Amino acid sequence: MTETLDAPTQVGASNADKGVARTGARRTSWTPAWVAYLQAAPIALVFLLFFILPLIATFVVSFWNYTEYSIEPAFALTNYQDVFYGCFSGSSGLCTTFATYLSTLKFVAIVWAMTLAIGFTIAYFLAFHIRTLPMQIALFMVCTIPFWTSNVIRMISWIPLLGRNGLVNEMLLATGLIDRPLEWLLYSDFAVSLALIHLYTLFMVVPIFNSMMRIDRSLIEAAYDAGASGWQTLTNVIIPLVKPGILIGSIFVVTIVTGDYLTIGIMGGQQIASVGKVIQTQINFLQFPIAAANAIVLLAVVLVTIWGMLRLVDIRKEL
Amino acid sequence: MTILKETRGGVTRRSILKASAAIAGAGVITKVTGFPAIAQEKVTLRYLSTAVNQSPAIAEKAGEDLGIKVEYIAVTTDDVAKRVITQPNSFDLVDTEYFALPKLLPSGNIMGLDAKKIKLADKIASVIREGTVAGKKIGLDGTAPAEVLYLPDEEATEFAEEPTDFLTLIPTTYNADTLGIRPDLIDGPVESWASLLDPKFKGKAAILNIPSIGIMDAAMAIEARGDMKYGDKGNMTREEIDATIAALIEAKRAGQFRAFWTDFNESVNLMASGEVVIQSMWSPAVTAVRTQGIECKYQPLKEGYRAWASGFGLPVAIEDREKDAAYEFINWFLSGWAGAHLAKQGYYTAVLETTKEAMEPYEWAYWFEGKPAEKDIHAPDGKLLEKAGATRDGGSYDERMGRVACWNAVMDENIYMIRKWNEFIAA
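Everything numeric in this text was worked out from a predicted model, so none of it was measured. (Residues numbered from 1 in each chain as written. Chains lettered and ligands numbered in written order. Predicted model: local features only at pLDDT ≥ 70, side-chain atom pairs only at ≥ 80, totals over all residues. Heavy atoms only, no water.)

Draft legend 1. The sheet that holds strand E12 (residues 179-181) of chain B, seen in detail. Residues and elements named next belong to chain B. The 5 strands lie next to each other as E14-E13-E15-E12-E16, forming an open sheet whose pairing is mixed. With partners counted over all chains shown, the strands left at the sheet margins are strand E14 (257-261) and strand E16 (297-299), one partner each. Averaged over all pairs of adjacent strands, the angle between their axes in this sheet comes to 25°, without regard to strand direction. Sheet topology places E12 next to E16; 3 bridges connect them, and they run antiparallel. Looking across to E16, one finds that Ile181 is bridged to Lys297. With respect to the sheet, helix H9 (residues 264-272) is in contact with E12, strand E13 (205-208), E14 and strand E15 (278-280), its orientation differing from that of E14 by roughly 155°. (Pairing = 2+ DSSP bridges. Helix = DSSP H or I, 4+ residues; strand = E, 2+ residues; numbered from the N terminus. Axes fitted to C-alpha atoms, helices over the stretch in contact; angles between N-to-C directions. Contact = heavy atoms within 4.5 Å.)

Draft legend 2. Local environment of the state of the cysteines. Residue and element names in this part refer to chain A. For the structure shown, the criterion picks out 1 disulfide over all chains. Two residues, Cys87 and Cys95, share a disulfide whose sulfurs are 1.9 Å apart. Taking the sign of the S-S torsion, 80° for the link of Cys87 and Cys95, the bridge is right-handed. Here Cys87 falls in the buried class, since its relative accessible area comes to 14%. (Disulfide = S-S within 2.5 Å. Buried < 20%, exposed > 50% of the residue type's maximum accessible area, 1.4 Å probe, protein only.)

Draft legend 3. Up close: the UniProt feature "transmembrane region" (unreviewed entry) in chain A. Residue and element names in this part refer to chain A. When the UniProt feature table is mapped onto this chain, "transmembrane region" (unreviewed entry) is found at residues 36-63, 83-101, 107-127, 139-161, 190-209, 246-268 and 288-310. Taken end to end, residues 36-63 is 93% helix and 0% strand, and its two terminal C-alpha atoms sit 38 Å from one another. Annotated as residues 246-268, this span is 87% helix and 0% strand, and its ends, taken at the C-alpha atoms, are 28 Å apart. (UniProt positions renumbered as here; feature names shortened; annotations may be inferred.)

Draft legend 4. Spotlight on the sheet that holds strand E6 (residues 113-114) of chain B. Residues and elements named next belong to chain B. As summarised here, the arrangement of the 3 strands in space is E6-E10-E9, forming an open sheet in which the pairing is antiparallel. Because the sheet does not close on itself, it has two edges, and the strands there are E6 and strand E9 (150-151). Judged from the 2 bridges that link them, E6 and strand E10 (residues 166-167) form a sheet pairing that is antiparallel. Bridge pairing in E10 links Asp114 to Phe166.

Draft legend 5. Highlighting the UniProt feature "domain: ABC transmembrane type-1" (unreviewed entry) in chain A. Residues annotated by UniProt as "domain: ABC transmembrane type-1" (unreviewed entry) correspond here to residues 101-309 of chain A. Taken end to end, residues 101-309 of chain A comprises 78% helix and 0% strand; its first and last C-alpha atoms sit 18 Å apart.

Draft legend 6. Representation of unusual backbone geometry in the model. Positive phi values are uncommon outside glycine, yet Tyr187 of chain A reaches one of about 55°. Backbone geometry places Ala134 of chain B, a non-glycine residue, at a positive phi of 50°. Accessibility expressed as a relative area gives 62% for Ala134 of chain B, which makes it exposed.

Here is the structure:
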């Protein structure tokens with residue numbers, strides 16, 4: 001069980017690094033050093049071709065000039081100035097970019113806190129309260145049911161549920177709890193948060209559950225024998241030991257929510273801004289350079305966030 | 001996404017007929033190119049456009065009549081323009097909106113069509129050629145087709161000032177757009193674009209989140225409300241854009257809008273579910289709501305319509321054989337059957353005379369003359385659209401197209417407009 005669940009988490013961490021490190025540690029006389037590089041080569045090549053090169057292209061294009069129908073090589077900072085247009089002019093309102101990031105940040109905070117609370121609880125239940133392995137597997141599969149349909153279908157399904165004439169409103173009206181439909185159930189911050197939490201809780205459950213399964217049960221017994229209460233065991237033994245799981249889960253959730261624009265678009269009735277949507281609109285109007293500049297800014301924000309999170313927990317040491 | 005029309009299930013009488021039609025078709029090509037060995041194969045036209053115009057029935061019929069294989073490439077409106085500019089070799093025929101032309105033409109990727117090779121070029125509707133309906137001038141705000149129809153020569157990258165023998169696009173479909181409403185959920189009549197921003201519909205209105213079209217609908221509403229007068233709604237100045245966006249932000253903050261939509265289906269869902277009772281809408285979307293048995297009206301408004309038109313263009317990179325086939329296909333397209341097929345979905349067509357010949361008289365009377373339907377009106381796929389006795393919203397062709405106020409457009413200040421639009425979304 002632990003082994004199978006390990007695999008995805010490790011992939012999530014850093015594949016190439018690990019492969020190399022392990023081979024190095026266990027090197028035997030009959031395995032030449034270059035074998036390790038050869039093993040890492042396919043993924044390195046894929047990354048180079050489909051990630052590093054496009055990223056470099058995006059970075060380069062973000063300095064180009066553009067018209068309605070063409071982009072021209074140049075080294076101009078105008079795109080970045082346009083991204084931050086009005087941000088430092090000292091006017092009363094927030095500029096578009098800051099307002100957009102602030103709104104995104106709000107969702108990141110809400111969704112992170114909620115998925116952590118729910119995800120931790122589910123993982124705890126699965127790891128410590130379910131005794132048999134088949135049952136753990138079965139319940140774990142139950143957690144993945146929402147992922148059996150496509151993302152878009154899942155989001156559209158919220159509409160008949162939360163809409164003005166949706167099931168929830170009809171039920172509340174029928175029970176007499178409200179006398180007119182609740183408008184804020186759909187196309188609102190609430191709807192966006194709900195859909196995001198629903199979508200991404202599993203990304204929190206998996207790594208935390210994985211970390212919990214690795215905890216040596218005798219540690220918990222020892223804590224109990226030493227007179228610790230259930231709460232003390234949780235805060236002094238379990239939480240410190242599942243920190244890497246929490247961190248990996250948090251990285252998943254934070255990065256995905258920062259870049260998400262489909263969920264925010266559909267559940268927010270497109271009335272709530274997201275960086276992704278801004279980029280999409282610009283691309284649709286062939287303004288590739290400014291879209292690239294926006295993408296680079298977004299990437300920088302995500303990287304800084306991850307850097308900050310990694311400083312909280314030394315993930316390499318803990319794993 | 002590519003849609004390939006192919007007959008399956010081995011050799012049938014039908015497929016033999018088709019094959020012989022293909023050989024007959026190829027025979028015609030043989031004479032043109034003089035390479036019999038190559039010409040044995042059916043010529044394939046890669047037809048780039050949005051999915052709405054890509055009826056499988058048209059491709060099938062063209063295959064039967066001409067022996068040309070039409071291979072559809074379906075993308076969104078914005079992606080059609082993007083593809084013409086970024087991948088000009090990936091199609092042989094493009095069906096795009098006239099308002100994209102000020103972007104497409106300077107790229108040098110599309111070329112003019114020779115009017116001498118288009119048999120019915122003179123018969124193309126006057127609304128497209130001259131901007132007139134029944135002899136009367138209509139509103140030409142925005143990118144009116146008449147202003148971007150002619151080129152000085154085949155490979156020009158600027159428009160001609162007056163009629164010439166080279167056309168940018170040969171019209172396929174066009175129409176007049178207005179607001180869609182749910183009459184069952186609205187008290188009292190809706191007569192003006194101003195209703196879109198009327199606080200009466202607070203939390204129940206929607207507009208398009210396609211900036212170039214959404215801002216024009218907003219401008220129609222703001223002008224109708226009497227707030228300001230635009231020089232040209234399709235080509236606003238920076239001040240006009242600022243004022244329009246400010247009014248939109250005010251309405252958004254006051255909770256006027258339930259949602260914005262970008263995809264045709266989203267507008268159908270919003271309307272059908274009752275989330276929205278008044279919104280900018282496209283004609284086939286209104287039909288889609290109605291076929292679900294839900295009341296929905298394409299409400300004519302006193303300020304007039306916002307029109308659009310779409311047409312065939314040729315890529316510069318086209319090969320001779322495909323070019324001949326493209327002309328042949330366009331001539332066939334204008335000759336009646338295809339036009340009638342599209343007209344039965346509510347679109348207007350390039351050559352009205354041939355469309356009329358290809359339709360049943362009662363169909364023509366309903367769709368084009370604004371008369372009550374003598375019999376039940378069916379869509380091309382056989383679905384019931386209207387019961388006998390119904391009339392088309394907005395009336396006849398002359399009444400609808402004659403009251404066009406502006407056309408879908410790309411503004412000179414497009415880049416600035418999009419920045420302001422993003423500000424509106426983030427507000």
